[in-house]
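Examination of the molecular architecture
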Amino acid sequence: MKTLFVSDLDGTLLTAKETVSEYSMRLLNKLIDERGMLFTYATARSLNSAAKAVWGLRQNLPVILYNGAIVMEPWSGKKLYNSHFAGESREYIRRVLAEHDVWPLVYSFLGNKERVSWIRGKETEGMKRYLSRRAGDSRLNPVDSPDELKDDEIFYYTYIDAKENTDAVHSVFAGDSRFRCIYQQETYQTDYWLEIMPAGTSKGAAASALREYLGAERLVAFGDALNDCELFRAADEAYAVKNADESLKGIATAVIGYSEEDAVSKFICSNLDKYL
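Every residue gets a number counted from 1 within its own chain, in the order that chain's sequence is written. Under the rules for a predicted model, residues below a pLDDT of 70 receive no local features and side-chain atom pairs below 80 are neither given nor counted, while totals for whole chains, interfaces and linings still include all residues. Side-chain metrics in this entry use all non-hydrogen atoms of the structure; hydrogen atoms and water are not considered.

Next up on the list: helix α6 (residues 163-174). Buried residues of α6: T166, V169 and F173, and no others. Projected onto a plane normal to the axis of α6, the buried residues spread over an arc of 70° and lie on a single side. Note on definitions: a residue-residue contact is assigned when non-hydrogen atoms from the two residues lie within 4.5 Å. By the criteria applied, helices consist of DSSP H or I runs no shorter than four residues and strands consist of E runs no shorter than two, each listed in order from the N terminus. Where α6 is buried, its residues touch α4 (87-99), β9 (153-161), β10 (179-185) and β11 (192-198). Accessibility here uses a 1.4 Å probe with only protein chains present; expressed as a share of the type maximum, an area under 20% marks a residue as buried, one over 50% as exposed, and anything in between as partly exposed. This arc describes the spread of directions from the helix axis toward the C-beta atoms.

Rendered as structure tokens:
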């Protein structure tokens, strides 16, 4: 049976240093090269950010980015799947954010060019930290007005700030069926991330589309956080690492080891006869 393995990155495949350990890198690459294992990742990160974290890992399959908003070939930048906002939804989001004086990072495509935009002077400390870690990134696009993005295809909004500054906006969008919100504390910081995307966008929907594209008969998933719930529901088997959110463990097939102890690669290796 042709099996597609899809792993979350932060808190699952990656260590606290935001890298794949040498042990996991060596083992996974060996299975991909010698056994033809179908292995990829599903992350909230962009391609640029994810590529740095998994540098050295074989990436011969499309990857799932921005919590399922984009499925892309990492070697070509070609989009295979793209979930973006329609005009009416965009205008509503813009109005609500302005009313709350919240100015998030806006992810979009202008033609084939990916852009990460924000309003100059409206950066939170969390956003400043995010941007400082991406200095020199060609996607960065500071603007003076949202009107400068009128021709962009927007697919994702991210606001990074203290919980008390994000709760009100989250409450508006979380109860609106037109949108999907992910609201959780950053893995390595105290800030909260409020991420807004079109309804139906999820790692699970993207993984299902990729599974069909590749002709895989079985989907096995790994994760640690609430944004992995839909991925788990879409999978035939889903494994939560020990450091995972308790709610995710509740819908997992089983709980495996800790992310810091190479749980994903060790699990796959221990079950080779079943999967490969």
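And the narrative resumes.
Here the focus is the pattern of salt bridges. Any carboxyl oxygen of Asp or Glu that lies within 4 Å of a side-chain nitrogen of Lys or Arg is treated as forming a salt bridge with it. Counted according to the given criterion, the structure contains 23 salt bridges. We note a salt bridge from R178 to D176, for which the minimum N-O separation is 2.7 Å. The class of R178 is partly exposed, set by a relative accessible area of 32%. Judged by relative accessible area, D176 falls into the buried class, the value being 15%. With a closest N to O distance of 3.1 Å, K249 and E246 form a salt bridge. Residue K249 and its partner E246 are located together in helix α9 (residues 246-249), separated by three residues, close to a single helical turn. Overlapping salt bridges, with partners in common, bring together D10, E18, R45 and R133 in one network.

Further remarks concern the packing of aromatic side chains. Ring pairs shown here join Phe, Tyr and Trp side chains whose ring centres sit within 6.5 Å, with only the six-membered ring taken for Trp; geometry is labelled stacked below 30 degrees between planes, edge-to-face above 60, and tilted in between. Taken as a whole and judged by the stated rule, the model has 17 aromatic pairs. With centroids separated by 5.5 Å and ring planes inclined at 50°, the aromatic side chains of Y66 and Y156 adopt a geometry described as tilted. Of this pair, Y66 sits in the loop between β3 (63-65) and β4 (70-72) while Y156 is found in strand β9, placing the two residues 90 residues apart along the sequence. An identical accessibility class is assigned to Y66 and Y156; each is buried. Three or more aromatic residues joined by ring pairs form one cluster here, namely F5, F222, Y239, F267 and Y275. Whether a charge sits over a ring comes down to the Lys NZ or Arg CZ being within 6 Å of the ring centre and within 35 degrees of the ring normal. Lying across the ring of Y130, R134 places its NZ or CZ 3.7 Å from the centre. When the ring centre of Y23 is taken as reference, the NZ or CZ atom of K266 above it lies at 5.8 Å.

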